[in-house]
Amino acid sequence: DALLRSVKRIAVVGLSPKPDRDSHRVAAYLQRQGFEIIPVYPREDLILGASVYRRVQDIPGPLDLVDVFRASPELPVVVDDVLASSAKAVWFQLECVHEEAALRAVRAGLTVVMDRCVAVEHIRMHRMSGA
């Protein structure tokens, strides 16, 4: 709850350009809520009207959160990339679980959320606050 209230800039790793994919729907929702979305994807130049980066560490400026839509076995490599960036927190979406990678991120000082949907949590937070 406190994490989402402090976030403004979110890198989304695995942000698909396809509107029917969860990553696209969640990022589009967050963008509509006023968050700055920065796509991280191996292909494409523009997703949701934003310039696409190949790696988190290539994104200029501070990052409040990295939202991750990748298969669990890929999470250690994603954490390496996040640790080389300015990010303060990493959020592994539903079914993105890798205890060892999460522990490395925590030990490096990052806030870590695992196996939860950022959009669901954002909606819940606003319902609970009456917003």
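Refer to the structure presented above.
Below is a short write-up of the structure. All values reported here derive from a predicted model rather than from experimental measurement.

What counts and what doesn't
Residues numbered from 1 in each chain as written. Predicted model: local features only at pLDDT ≥ 70, side-chain atom pairs only at ≥ 80, totals over all residues. Heavy atoms only, no water. Pairing = 2+ DSSP bridges. Helix = DSSP H or I, 4+ residues; strand = E, 2+ residues; numbered from the N terminus. Axes fitted to C-alpha atoms, helices over the stretch in contact; angles between N-to-C directions. Contact = heavy atoms within 4.5 Å. Parallel < 35°, antiparallel > 145°, perpendicular 65-115°, else oblique. Left-handed = near helix turned anticlockwise from the far one by under 90°. Core = buried A, V, L, I, M, F, W, Y, C linked by side-chain atoms within 4.5 Å. Buried < 20%, exposed > 50% of the residue type's maximum accessible area, 1.4 Å probe, protein only. Arc of directions from axis to C-beta. Disulfide = S-S within 2.5 Å.

**Some remarks on the sheet that holds strand β1 (residues 9-13)**
Part 1: Reading across from one edge, β2-β1-β5-β6-β7 is the order of the five strands in this open sheet, with parallel pairing throughout. Edge positions in the sheet fall to β2 (36-40) and β7 (111-114), since each of these pairs with one other strand and no more. Across the sheet, the axes of successive neighbouring strands diverge by a mean angle of 20°, strand direction being ignored.
Part 2: Where β1 lies against β2, five bridges are found, and the strand directions are parallel. The residue of β2 that forms the bridge with I10 is I37.
Part 3: Sheet strands in contact with helix α2 (residues 22-32) are β1, β2 and β5 (65-68), and its direction is about 155° off that of β2.
Part 4: Along the sheet, helix α4 (residues 99-107) contacts β6 (89-92) and β7; its crossing angle with β7, the most-contacted strand, is approximately 160°.

**Considerations on the environment of P73**
Part 1: Turning to its location among the elements, P73 is positioned in the loop between β5 and α3 (75-83).
Part 2: Between the alpha carbons of P73 and C96 there is a distance of 8.7 Å; along the sequence they are 23 residues apart.

**Quick word on the side chain of S16**
Part 1: Turning to its location among the elements, S16 is positioned in the loop between β1 and α2.
Part 2: Dropping the residues within four chain positions of it, S16 is found in contact with R21, S23, H24, Y41 and I47.

**Digging into unusual backbone geometry**
Glycine aside, residues mostly have negative phi angles, and peptide bonds mostly take the trans form.
Part 1: One non-glycine residue, E95, adopts positive backbone phi at about 70°.
Part 2: Mapped onto the elements of the fold, E95 is located in the loop between β6 and α4.
Part 3: Residues other than glycine seldom take positive phi values, yet D115 does so here, at roughly 65°.
Part 4: Following the sequence through the fold, D115 ends up in the loop between β7 and α5 (118-129).

**Quick look at the packing of α3 against α4**
Part 1: Where α3 meets α4, the closest approach of the two axes is 8 Å, and the angle between their N-to-C directions is 15°. One finds that α3 runs roughly parallel with respect to α4. For the crossing formed where α3 meets α4, the hand is right-handed. Contacts between α3 and α4 involve L75, P76, V79, D80 and L83 from the first element and A101, R104 and A105 from the second.

**A short note on the nonpolar core**
Nonpolar side chains tend to gather and get buried jointly when the protein is soluble and globular.
Part 1: Ranked by size, the top nonpolar core spans 24 residues in total, and within it I10, L30, I37 and L65 carry the most contacts.
Part 2: Counting only elements with at least two residues in this core, the list comes to α1 (2-6), β1, α2, β6 and α5.
Part 3: Here this core gets four residues from one element, more than from any other, and that element is α2.
Part 4: Those residues within four positions of L30 in sequence are excluded, and the remaining contacts are I10, F35, I37, D67 and V118.

**Quick word on α3**
Part 1: Within α3, burial applies to L75, V78, V79, D81 and V82. One side of α3 holds all its buried residues, which, seen down the axis, span an arc of 160°.
Part 2: Packed against the buried residues of α3 are β1, β5, β6 and α4.

**Overview of the state of the cysteines**
Part 1: If you walk through the whole model with that rule in mind, you get zero disulfides.
Part 2: This cysteine, C96, is not joined by any disulfide, and C117 carries the nearest cysteine sulfur, 10 Å off.
Part 3: Note on C96: relative accessible area 5%, which makes it buried.

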